[in-house]
Amino acid sequence: MTQPFDDSQRLLDSVKQAVAQKRQLSILGHGTKAHYARSTHGDALQSRDHVGVIEYQPDELTISVRAGTPLTVIAETLDQHNQMLACDPPRFFGGGTIGGAVASGLSGPGRPWYGNLRDAVLGVEMINGLGERLTFGGSVMKNVAGFDISRMMVGSLGVFGVILSVNLRVHPKPEIERTISLDLNWDDAWSVLCETIAKPTAVTATCYWSGSLYLRLAGNRASVEEACSSFPSNTEIENDVWVHLRDHEHSFFQSSEELRRTWLGRGLQPQIENDESNLIEWAGAQVWSFKVHGDSAALGQRISSEPFNRSSAAPSTESKYMRRLRRAFDPHQLFNSDLLL
Amino acid sequence: MSLEFAIELIKSTLPRDCVLTDATATTPFETDGLTAYRQRPPVVALPRDTNDVRQVLRICHETGVPVVTRGAGTGLSGGALPLENGVLLVLTKMNRILEVDETGCTATVQPGVTNLSISDAVADKGLYYAPDPSSQIACSIGGNVAENAGGVHCLKYGLTLHNVLGLKVQTIEGDELTLGGNGYESSGIELIPLFVGSEGMLGVVTEITVKLLPSPPCKEVLLGAFDDVESAGECVAAIIARGVVPAGLEMMDALAIQAAEDFVHAGYPRDAATILLCEVDGTKEQVRSDVTLIRQLMETNGAVNIRSASEPDERDLLWQGRKAAFPAVGRISPDYYCMDGTIPRRFLGKILSSIALLAAKHELRVANVFHAGDGNLHPLILYDASDDEQLHRAERLGVEILELCVAVGGTVTGEHGVGVEKLDPMCSQFSTPELEQFFRLKEVFDTSGLMNPGKAIPTLAHCSEIKGMHVHGGKLPFPELDRF
Ligand SMILES: Cc1cc2nc3c(=O)[nH]c(=O)nc-3n(C[C@H](O)[C@H](O)[C@H](O)COP(=O)(O)OP(=O)(O)OC[C@H]3O[C@@H](n4cnc5c(N)ncnc54)[C@H](O)[C@@H]3O)c2cc1C
């Protein structure tokens, strides 16, 4: 296990130096999400050595960790008390730091039922573009003192500053988890998916691919067993399919084509051909496809459909405010200046 | 001059019945739920729709007149307190539910819709909107968004933030921001968290899409009575530690129990030092096993009496006492002052004992009602406002309680917001660069500083004034408590 180490002073000095020397910085954790978002402007600022669990209070369901702490270390720590980070951010290539997870804001297959990382963040400590060390939020469950800057950091790709540490809400692990697979055509699968949102069920993750619907069922033994038996002719499969899906190691993701991600509103059925070219998660709200095969334009009414690569993301409609917002945190445009323009 | 001009422009833009300037008509708007502060607004504008909101904002922007947004006015921190020289924009006419999507389980509503009416409108579909502030019959969903309101069921189902999927916001510059939508994520940086809890300082929320949840098939409420506060506090920690996340976990102390019992006759044990109310929900099997476990934990942590209620009427009765606790306390004292600090749960017992000591020092009574599962305290300080000296003591006690919360790693407000009320304690919670960062952020959306100015974030001048008063020789209050 990586030894805890407080590297915050060096990070702070680096930022101050960058301000003084008018240099730019690209912030980096483990670099496991370089294919998703990677700044190439400026000197690399490594947060990976700023590691360690600062405080873990199982009774409070809270953990406070330094940004460079590997996701695996956090998972192992929580596991000792039968707890977990419910939003289950991807660990591409088996790695990744919590700082990188917060900055990219990605969630695992349980998103609709367990929330995302934003929902779990209680507070952050950060360095802004003036070289100031700031703390927002806290480690308590409810806190409305001041604007909620800590949750805004989730998915911001580091453009507001260097995340030093994060306080997170954690969850008790369910007593048991089971995964079942059902052979269903897409329309029938869709009806089941709708039920997982509209009815109280034990489902905590879904995936539809190639004529099969996978469901993860979790809770206490009796309720999971009851849920299993409510799906006739199901096959029980290994739970690790969710890890493979989360980390894009599932065979669907093994392609050299450009991977695309499409988000749909809740309750809108993605219009897909019944084939292998789309993989549908989040009760239908997230669809993965590859550029050549899966024509994501045909997926129906959608929120967005873009390459799984934020480095080249199109400017957002709120770009006027976004530019000002960046300046409010980083007036000299030090951080990841080529991202989210 | 510019105010008069703005009023004329508003009068010529909105229909007559949507603009109030007469003292008799505007006086009801002079205060919100924090009645110690009052200011009669020179003009009240009651927009009928988003377009009216945009017109009023445009006029304010052009004339440089500040604007305070108000929902139902139930806020407890003076966030909707009018300005002497500003427009009060009241959104109660915008009270339509625009769309309910039964398949996706979402509702899109106008800001003036009351919290409870959303759940009422979808109940026949087996759905409900989870955050349930005690003020839910009156407070508006727009106000809930602006305060990130919580309720007794937020331990399991989250705060307003966790249940909002999309927002439409009007900025003073005349832009409409569409944030989120009806899905789980949207491309670009997520600004919803910034607007949730922003107390009307950044823009006016004109449309809200919320997540609806399926009503749980089974619910049960347990009431545990304890002889002392510490045991109840330990029981709370034990329940959470065992991996149960109850739908609600609330605590009341002796004074609150007696007041509530006299008011609604919920059958609370009048002689108990503390009660815990714990609701679990889910499938029948889940509820059964959770109830068994919680009962056991209550017993091992010294509960002297445990009652359970599974029928809707019985459950409602038990909750009624809790939900009516504020008005109930209002019956036993001419006035009360409601605090809203949040602490790490493990300090519950300690903090309650400290509050009792502080109350004794200031010779005031305090009733405690709170969201124990979240560590969110609502000490109600009883006083008589007609006695200036008592009011002063009550305020002093309030500040000391909040300092105590910050000292153990907590916060000065869990759900009621800062408003005008908690500007002082904000100075002890945030450093100068942090406060400056807040102001730079406000400027992004409100370049001219016209949106609810003077609220929520204390100016540096304000802080340096009061810091001189409160920090005695650099010593922190309560050195005997652990800090982290
Ligand atoms: C008896 C009682 C019990 C309460 N219990 C709880 C509780 O359990 N949990 C809890 O969290 N709160 C509780 N409250 C506090 C209060 O009800 C909440 O803060 C509520 O969210 C306020 O809603 P409102 O519509 O009354 O807002 P208002 O008081 O009108 O406004 C509150 C703030 O929101 C801003 N605002 C309002 N609408 C908008 C909008 N559309 N766009 C932008 N800004 C806006 C205002 O400027 C102001 O700053 C209670 C209050 C009372 C009186």
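Residues numbered from 1 in each chain as written. Chains lettered and ligands numbered in written order. Predicted model: local features only at pLDDT ≥ 70, side-chain atom pairs only at ≥ 80, totals over all residues. Heavy atoms only, no water.

Here we look at the overall build of chain A
Of the regular secondary structure elements, chain A holds ten helices and 17 strands. A compact globule built from 341 residues would reach a C-alpha radius of gyration of about 20 Å, and chain A, at 21 Å, matches this within 12%. With the C-alpha coordinates of chain A rotated into their principal frame, the extents come out at 65 × 45 × 35 Å. The buried share among the 341 residues of chain A stands at 62%. Counting only contacts in chain A whose residues sit at least 6 apart along the sequence, the fraction spanning at least 24 positions is 72%. (Helix = DSSP H or I, 4+ residues; strand = E, 2+ residues; numbered from the N terminus. Rg over C-alpha atoms; globule rule 2.2 N^0.38 Å. Buried < 20%, exposed > 50% of the residue type's maximum accessible area, 1.4 Å probe, protein only. Contact = heavy atoms within 4.5 Å.)

Quick word on the packing of aromatic side chains
Residue and element names in this part refer to chain A. Applying the stated criterion to the full structure yields 18 aromatic pairs over all chains. Ring-pair connections join several aromatic residues into one group, and the members of that group are Tyr36, Phe92, Trp209, Phe252, Phe253, Trp288, Phe290 and Phe308. A cation sits over an aromatic face here: Arg216 above Trp242, 5.7 Å from the ring centre. (Phe/Tyr/Trp six-rings, centres within 6.5 Å; stacked < 30°, edge-to-face > 60°. Lys NZ or Arg CZ within 6 Å of the ring centre and 35° of its normal.)

Things to note about the pattern of salt bridges
Using the criterion set out here, one finds 36 salt bridges over all chains in the structure. Residue Lys320 of chain A is joined to Asp175 of chain B by a salt bridge in which the shortest nitrogen-to-oxygen separation is 2.8 Å. On the criterion of chain membership, the pair formed by Lys320 of chain A in helix H10 (residues 319–329) and Asp175 of chain B in the loop between strand S8 (164–170) and strand S9 (176–180) is interchain, its members lying in two chains. Taking the shortest distance from any N to any O, the salt bridge between Glu400 of chain B and Lys361 of chain B comes out at 3.0 Å. With Glu400 of chain B in helix H15 (residues 388–407) and Lys361 of chain B in helix H14 (residues 348–361), the pair connects residues that are 39 residues apart, well separated along the chain. The class for Glu400 of chain B is buried, based on a relative accessible area of 9%. On the basis of relative accessibility, which here comes to 55%, the residue Lys361 of chain B falls in the exposed class. Salt bridges sharing common partners tie together Glu55 and Glu60 of chain A together with Arg345 and Arg346 of chain B. (Salt bridge = Lys/Arg side-chain N within 4 Å of Asp/Glu carboxyl O.)

Some details on the site of the ligand
Residues and elements named next belong to chain B. Near the ligand there are 33 residues, and of these Thr69, Gly71, Thr74, Ser135 and Ser140 occur at the shortest range. Contact distances for the ligand include 2.9 Å between a nitrogen atom and a backbone N or O atom of Gly150. Put simply, the parts of the chain that give the shell around the ligand at least two residues each are strand S3 (67–70), helix H5 (141–147) and strand S10 (204–211). The leading source of residues in the shell around the ligand is H5, at five residues. (Near = heavy atom within 4 Å. Polar contact = N/O pair within 3.5 Å; in protein donor to acceptor, adjacent residues only side chain to side chain.)

What to know about the interface of chain A and chain B
Taken together, the contact between chain A and chain B spans 68 residues of the former and 86 residues of the latter. Between chain A and chain B, roughly 6,500 Å² of surface is buried when both sides are summed, and carbon and sulfur atoms account for 59% of that area. Linking Glu60 of chain A and Arg346 of chain B is a salt bridge whose minimum nitrogen-to-oxygen distance equals 3.1 Å. Counting residues per element, the side of chain A that touches chain B draws most heavily on H10 of chain A, which supplies seven residues. Its residues placed into classes, the side of chain A that touches chain B shows 32 nonpolar, 16 polar and 20 charged. (Buried area = accessible area lost by both parts, 1.4 Å probe. Nonpolar A, V, L, I, M, F, W, Y, C, P; charged D, E, K, R; others polar.)

Details of the environment of Asn115 of chain B
All names here are of chain B. Secondary-structure assignment places Asn115 in helix H4 (residues 115–122). Remark: the alpha-carbon pair of Asn115 and Asp52, spanning 63 residues in sequence, is separated by 23 Å. Those residues in contact with Asn115 that sit more than four places away from it in its chain are Tyr129, Pro131, Asp132, Pro133, Gln136, Cys139, Ile141 and Asn144.

A closer look at the nonpolar core
Among the nonpolar cores identified, the biggest contains 160 residues, and Leu325 of chain A together with Leu167, Leu191, Leu194, Phe195, Met298 and Phe445 of chain B are the most heavily contacted of them. For this core, the leading source of residues is helix H9 (residues 229–241) of chain B, giving seven residues. Each residue touching Leu191 of chain B, except ones within four places of it in the same chain, is listed here: Met152, Met322 and Leu325 of chain A together with Leu179 and Phe445 of chain B. Membership of the second largest hydrophobic core comes to 32 residues, among which are Val19, Leu20, Val56 and Leu88 of chain B. (Core = buried A, V, L, I, M, F, W, Y, C linked by side-chain atoms within 4.5 Å.)

Examining the environment of Pro307 of chain A
Residues and elements named next belong to chain A. The topology assignment puts Pro307 in strand S17 (residues 304–307). Along the sequence, Pro307 and Glu226 sit 81 residues apart, while their C-alpha atoms lie 40 Å from each other. Setting aside residues no more than four positions away along its own chain, Pro307 makes contact with Glu258, Leu259 and Arg260.

Quick word on the side chain of Ser223 of chain A
Looking at where Ser223 of chain A falls in the secondary structure, it is placed in helix H8 (residues 221–229). Within the structure, Ser223 of chain A has its side chain in polar contact with the side chain of Gln286 of chain B (distance 3.3 Å). Excluding its chain neighbours within four sequence positions, the residues that come into contact with Ser223 of chain A are Thr283, Glu285 and Gln286 of chain B.

Some details on the sheet that holds strand S13 (residues 235–237) of chain A
Residues and elements named next belong to chain A. Here eight strands make up an open sheet; going across it, the order is S13-S10-S12-S11-S15-S16-S14-S17 and the pairing antiparallel. Of all strands in the sheet, those with a lone pairing partner are S13 and S17, marking the two edges. If you compare each strand with its neighbour and ignore which way they point, the axes differ by 20° on average. In terms of strand pairing, strand S11 (residues 203–209) meets strand S15 (residues 278–281) through two bridges, oriented antiparallel. Bridge pairing links Tyr208 to Ile280 in S15. Where helix H7 (residues 186–198) meets the sheet, its contacts fall on S11, strand S12 (212–219) and S15, and the angle it forms with S11 comes to roughly 165°. (Pairing = 2+ DSSP bridges. Axes fitted to C-alpha atoms, helices over the stretch in contact; angles between N-to-C directions.)

Some words on the domain arrangement of chain B
All names here are of chain B. Along its sequence, chain B is carved into domain 1 (3–90), domain 2 (97–214), domain 3 (218–328) and domain 4 (333–483). If you average the C-alpha positions of domain 2 and of domain 4, the two centres end up 27 Å apart. At the interface, 21 residues of domain 2 touch 22 residues of domain 4. Taken together, both faces of the contact between domain 2 and domain 4 bury some 1,600 Å²; the carbon and sulfur share is 62%. Of all residues in domain 2, Ile172, Glu199 and Met201 give up the largest surface area on contact with domain 4, accounting jointly for 40% of the area buried on that side. Counting across the domain 2 and domain 4 interface gives five residue pairs in polar contact (both at pLDDT 80 or more). For the side of domain 2 that touches domain 4, the secondary-structure elements that each account for two or more residues are helix H6 (154–157) and helix H8 (192–195). The class makeup of the residues in the side of domain 2 that touches domain 4 is twelve nonpolar, six polar and three charged. (Domains from an automatic or database assignment.)

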